Amino acid sequence: MIFYFSGTGNSLYAAHHLAKATQDRLISIPEEMSDPAFSKEYALSTDERIGFVFPIHSWGPPEIVLRFIRRIRFANYQNHYCFFVATCGDDMGCTQQILKQALSGIHINLHAGFSLIMPNTYIALPGFDVDSPEVQKRKLEDAVPELERMESDVCRKTNTFRLHPGGMPRLKSYLILPLFRKFLINDKYFQTTGQCIACGKCAQICPTNNIRIENKRPVWQGHCTACLACYHVCPQRAVYFFAKKNKGQYLHPDLLKYGKEHH
């Protein structure tokens, strides 16, 4: 089974392709976590894999993925093959170590891990923006053979790690990431301009159903994951984070094909 979380569609794309190649079950983490009291035991067949697909949030796994892992158990676990694929714009810091520690808490061994370079999506802070159209196109094209290589490794259950930790990974993952989680996973910073037309696209795309349209305006409900999908999907560019900035927007080209499946 492959558990996935996605905001703007990069990880959704990778998860669907992996599930098709492996014939493994595809399970949405936000859907499973929709009950605040969620905890669950999953039954594994003899040869089944355990996979996790998610985007990198500030050089680590999204907090919703780690919360999910802490609340699950696997029946019939016999050192089943476990892997992860992390989509990232550039590098991923110490994601492998963070995920390995989380899985060890539920007595799961990690056998393989991969980082898949995809177009940048984080725009909330100064100095961060989406890639140019040319860079987006190149990254999407380069991702195809790399994803096929990952699929081959996962299907053969190889023990391998192909990762892009980047420079100063410990600083990024063990100093910056905790600060990010403490101060920036907070939807109180989201606002809308007068250009909002109450189309509801932000509410539809939100993977955690954190947005409701009230009095013809989106209202965030307090359980944001900082995926920024609401910002990227807005056709009027009316959603912004902190102060209004002239930043780009990006959604994976295949996102509409999958529709609400990623909720």
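Refer to the preceding data block for the structure.
Below: a short report on this structure. Keep in mind it's a predicted model, so treat the numbers as computed, not measured. (Residues numbered from 1 in each chain as written. Predicted model: local features only at pLDDT ≥ 70, side-chain atom pairs only at ≥ 80, totals over all residues. Heavy atoms only, no water.)

**With respect to the side chain of asparagine 210**
- Take asparagine 210: it is sitting in the loop between α7 (201-205) and β10 (211-214).
- With sequence-adjacent residues up to four places away left out, asparagine 210 is seen in contact with Asp187, Val219, Trp220, Gln221, Gly222, His223 and Cys224. (Helix = DSSP H or I, 4+ residues; strand = E, 2+ residues; numbered from the N terminus. Contact = heavy atoms within 4.5 Å.)

**Here's the deal with the pattern of salt bridges**
- Scanning the entire structure with this criterion turns up 13 salt bridges.
- Between arginine 49 and aspartate 24 there is a salt bridge, with its nearest N and O atoms 3.3 Å apart. Residue arginine 49 is located in the loop between β3 (40-43) and β4 (50-55), and its partner aspartate 24 is located in the loop between α1 (10-22) and β2 (26-28); the two are separated by 25 residues in the primary sequence. Neither arginine 49 nor aspartate 24 differs from the other in exposure class; each is buried.
- Aspartate 153 serves as the salt-bridge partner of arginine 156, at 2.9 Å between the closest nitrogen and oxygen. Of this pair, arginine 156 and aspartate 153 both sit in helix α5 (residues 133-156), 3 residues apart, roughly one helical turn.
- In this structure, a network of salt bridges that share partners links the residues Glu146, Arg149, Asp153, Arg156 and Arg162. (Salt bridge = Lys/Arg side-chain N within 4 Å of Asp/Glu carboxyl O. Buried < 20%, exposed > 50% of the residue type's maximum accessible area, 1.4 Å probe, protein only.)

**Considerations on the environment of isoleucine 108**
- Its place among the elements puts isoleucine 108 in the loop between α4 (95-104) and β7 (112-117).
- Residues isoleucine 108 and leucine 255, spaced 147 residues apart in sequence, show a C-alpha to C-alpha distance of 31 Å.
- Dropping the residues within four chain positions of it, isoleucine 108 is found in contact with Ile50, Phe74, Tyr77, Cys82 and Leu103.

**Observations concerning the packing of aromatic side chains**
- The full count for this structure, using the stated rule, is 14 aromatic pairs.
- Seen in terms of ring centroids, phenylalanine 38 and phenylalanine 68 are 5.6 Å apart; in terms of plane orientation they differ by 10°. Their pairing is stacked. Placement of the pair is phenylalanine 38 in the loop between α2 (29-32) and β3 and phenylalanine 68 in helix α3 (residues 63-70), with a sequence separation of 30 residues. For the pair phenylalanine 38 and phenylalanine 68, a shared accessibility class is recorded, and that class is buried.
- Between tyrosine 122 and phenylalanine 128, the aromatic rings sit 5.6 Å apart at their centres with planes inclined by 90°, giving edge-to-face as the arrangement.
- Its relative accessible area of 21% is what places tyrosine 122 among the partly exposed residues.
- An aromatic cluster of at least three residues, connected via ring pairs, comprises Phe3, Phe38, Tyr42, Phe52, Phe68 and Phe74. (Phe/Tyr/Trp six-rings, centres within 6.5 Å; stacked < 30°, edge-to-face > 60°.)

**Describing a nonpolar patch on the surface**
- Residues Met168, Leu171, Leu175, Ile176, Leu179 and Phe183 make up a contiguous nonpolar surface patch of roughly 550 Å² in combined accessible area.
- Checked against the element boundaries, leucine 171 lands in helix α6 (residues 169-183). (Patch = residues over 30% accessible without salt bridge, like charges linked within 9 Å, V, L, I, M, F, W, Y side chains within 5 Å. Areas by Shrake-Rupley, 256 points an atom, 1.4 Å probe, with all protein chains shown as cover.)

**A closer look at the state of the cysteines**
- One pass over the structure, following the stated rule, counts 0 disulfides.
- A disulfide-free cysteine, cysteine 88 has its sulfur positioned 13 Å from the sulfur of cysteine 94, the nearest such atom.
- Free cysteine: cysteine 202, not disulfide-bonded; nearest cysteine sulfur from cysteine 199 at 6.3 Å. (Disulfide = S-S within 2.5 Å.)

**Brief notes about the pairing of strand β11 (residues 217-220)**
- Of the two faces of β11, only the one carrying Pro218 and Trp220 is buried; Arg217 and Val219 on the other face are not.
- Sheet topology note: the β10/β11 ladder contains 4 bridges and is antiparallel. Paired with isoleucine 211 across the strands is tryptophan 220, a residue of β11.
- Turn length for the β10-β11 hairpin, with the two strands adjacent in sequence and antiparallel, is 2 residues, and the turn residue asparagine 215 shows positive phi of about 50°. (Pairing = 2+ DSSP bridges.)

**So, the nonpolar core**
- Counting residues in hydrophobic clusters, the biggest one holds 82 residues, and the most contacted among them are Phe3, Tyr42, Ile50, Phe52, Phe68, Phe74 and Leu103.
- Beyond its immediate sequence surroundings of up to four residues, phenylalanine 68 is in contact with Phe3, Ile29, Glu32, Met33, Phe38, Tyr42 and Phe52. (Core = buried A, V, L, I, M, F, W, Y, C linked by side-chain atoms within 4.5 Å.)

**So, unusual backbone geometry**
- Phi at serine 58 takes a positive value of approximately 55°, unusual for a residue other than glycine.
- Structurally, the position occupied by serine 58 is in the loop between β4 and α3.
- Note on serine 58: relative accessible area 18%, which makes it buried.
- One non-glycine residue, arginine 237, adopts positive backbone phi at about 55°.
- With respect to the helices and strands, the residue arginine 237 is situated in the loop between α8 (229-233) and β12 (239-241).
- Residue arginine 237 is classed as partly exposed on the basis of its relative accessible area of 29%.

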